[in-house]
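Residue-level structural notes
Next come the chains, spelled out residue by residue.
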Amino acid sequence: MQVTPWNTYQNRREFLNKMIKIGAIASIAPSQLIIAKNNRHFLSQTPIKSAQNYNNYYEFSTNKEAVMHLANSFSISPWSISIEGEVKNPLTLSLSDILDLESVERVYPLRCVEGWSMVIPWKGIELRKILNQARVKTTAKYVKFVGTYRPEEMFNQRRKILPWPYTEGLRIDEAMHPLTILATGMYDETLSKQNGAPIRLVVPWKYGFKSIKAIQKIIVQKEKPKTSWNMQIPSEYGFYANVNPSVAHPRWSQSREVRIGELRKRPTNPFNGFKNEVSHMYKNLDLELNF
Ligand code: MTE
């Protein structure tokens, strides 16, 4: 079967969206956007309702259906993000500064470490755009992402279920990869609070817990950052967390996944389907040890 390469597809979708915006062609219903990414797997979008009422956001609740209600009163305006550490030009960007940057639209599968997945159309900016604006020093090796600490609004932060604020990290090359985005919208809407408004990370080849919500600080650093899940249970949640069907979680297999809305499990793809785009970054790494 002849299949459209991923980059061509993405460029084509961005082009189509531009054409739709300027009225050059009629709008295409999202359900018609069936994407051939490789010859076995097709991405059809998860209904927006499922993406908005089945959420992992431990600051609010460990009950996926409760998150949307509890996040409702979280205050997201005004908002700014600081970019600091090993950079020549430290920045504080308001949300509107970020919304002014060149945006991208990406349809990515989100594979949770728990064994379920969704396909979500995101809108955002490539993270490398703001890292380049901050002028990363050559001494930089990692990037740390710090979430929000507001126990008066995020009630679960009064409990010690995770080290707060929620913190994540990437290696600098992962952070600079064009697939890594900061999302501000999904399904052609502003990002909902339960999905990480006003701004969250999306790293599509890694388990969903790397994609931290409600980011406040991005710190470029020399040292590998300590991350919330890894600190909490290091034997179960590694720093890399690349989607890998051949490395089982200590308590369950990762070889298959349930796509939300489907009945039968489907096989999990290495790097969540982005092997061609990202595997070169790990060629000198033992992916079983560095899970
Ligand atoms: N970010 C924060 N701040 N807090 C969280 O609990 N959960 C992570 C990730 N980002 C989480 C977070 C996990 S485990 C997953 S699977 C995804 O968010 C879920 O994203 P979604 O609710 O948009 O589907």
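Located above this text is the structure these notes cover.
Summarised in this report is the structure supplied together with it. (Residues numbered from 1 in each chain as written. Predicted model: local features only at pLDDT ≥ 70, side-chain atom pairs only at ≥ 80, totals over all residues. Heavy atoms only, no water.)

Looking now at the sheet that holds strand β12 (residues 217–221). The 5 strands are arranged β4-β3-β12-β7-β8 in an open sheet whose pairing can be described as mixed. Both edges of this open sheet fall to β4 (91–94) and β8 (167–171), since each of them pairs with a single strand only. Ignoring strand direction, the axes of neighbouring strands in this sheet form an average angle of 15 degrees. Here strand β3 (residues 80–85) runs beside β4; their pairing, made up of 4 bridges, is antiparallel. What sits directly across from serine 80, in β4, is serine 94. Its contacts with the sheet put helix α5 (residues 127–134) on β3, β4, β7 (142–146) and β12, and the angle it makes with β4 is roughly 135 degrees. (Pairing = 2+ DSSP bridges. Helix = DSSP H or I, 4+ residues; strand = E, 2+ residues; numbered from the N terminus. Axes fitted to C-alpha atoms, helices over the stretch in contact; angles between N-to-C directions. Contact = heavy atoms within 4.5 Å.)

Attention now goes to the site of the ligand. Around the ligand, the structure places 15 residues, and the nearest of them are Tyr58, Glu59, Arg200, Ser211 and Lys213. Here a nitrogen atom of the ligand and a backbone polar atom of serine 211 are 2.9 Å apart. Notes on the ligand: free accessible area 540 Å², of which the protein chains cover 98%. Here the residues of the shell around the ligand are counted per class, giving 7 nonpolar, 5 polar and 3 charged. (Near = heavy atom within 4 Å. Polar contact = N/O pair within 3.5 Å; in protein donor to acceptor, adjacent residues only side chain to side chain. Areas by Shrake-Rupley, 256 points an atom, 1.4 Å probe, with all protein chains shown as cover. Nonpolar A, V, L, I, M, F, W, Y, C, P; charged D, E, K, R; others polar.)

According to the stated counting rule, one finds 12 salt bridges in the structure shown. Salt-bridge contacts for glutamate 114 lead to lysine 64; the nearest nitrogen and oxygen are separated by 2.9 Å. Taken together, the residues glutamate 114 in the loop between β5 (104–111) and β6 (116–126) and lysine 64 in the loop between α2 (48–53) and α3 (67–70) connect sequence positions 50 residues apart. Overall, glutamate 114 belongs to the partly exposed group, its relative accessible area being 32%. The residue arginine 128 makes a salt bridge to glutamate 126 at a minimum N-O spacing of 2.6 Å. Relative accessible area serves as the criterion here: at 30%, arginine 128 is assigned to the partly exposed category. Among the residues examined, glutamate 126 registers a relative accessible area of 8% and is labelled buried. Three or more residues joined by partner-sharing salt bridges are found here, namely Arg106, Glu126 and Arg128. (Salt bridge = Lys/Arg side-chain N within 4 Å of Asp/Glu carboxyl O. Buried < 20%, exposed > 50% of the residue type's maximum accessible area, 1.4 Å probe, protein only.)

Leu127, Ile130, Leu131 and Ala134 are the residues of α5 that are buried. Buried residues of α5 fall within an arc of 105 degrees about the axis and therefore sit on the same side. Trailing α5 by a residue or two, arginine 135 shows a phi angle of about 55 degrees, which is positive. (Arc of directions from axis to C-beta.)

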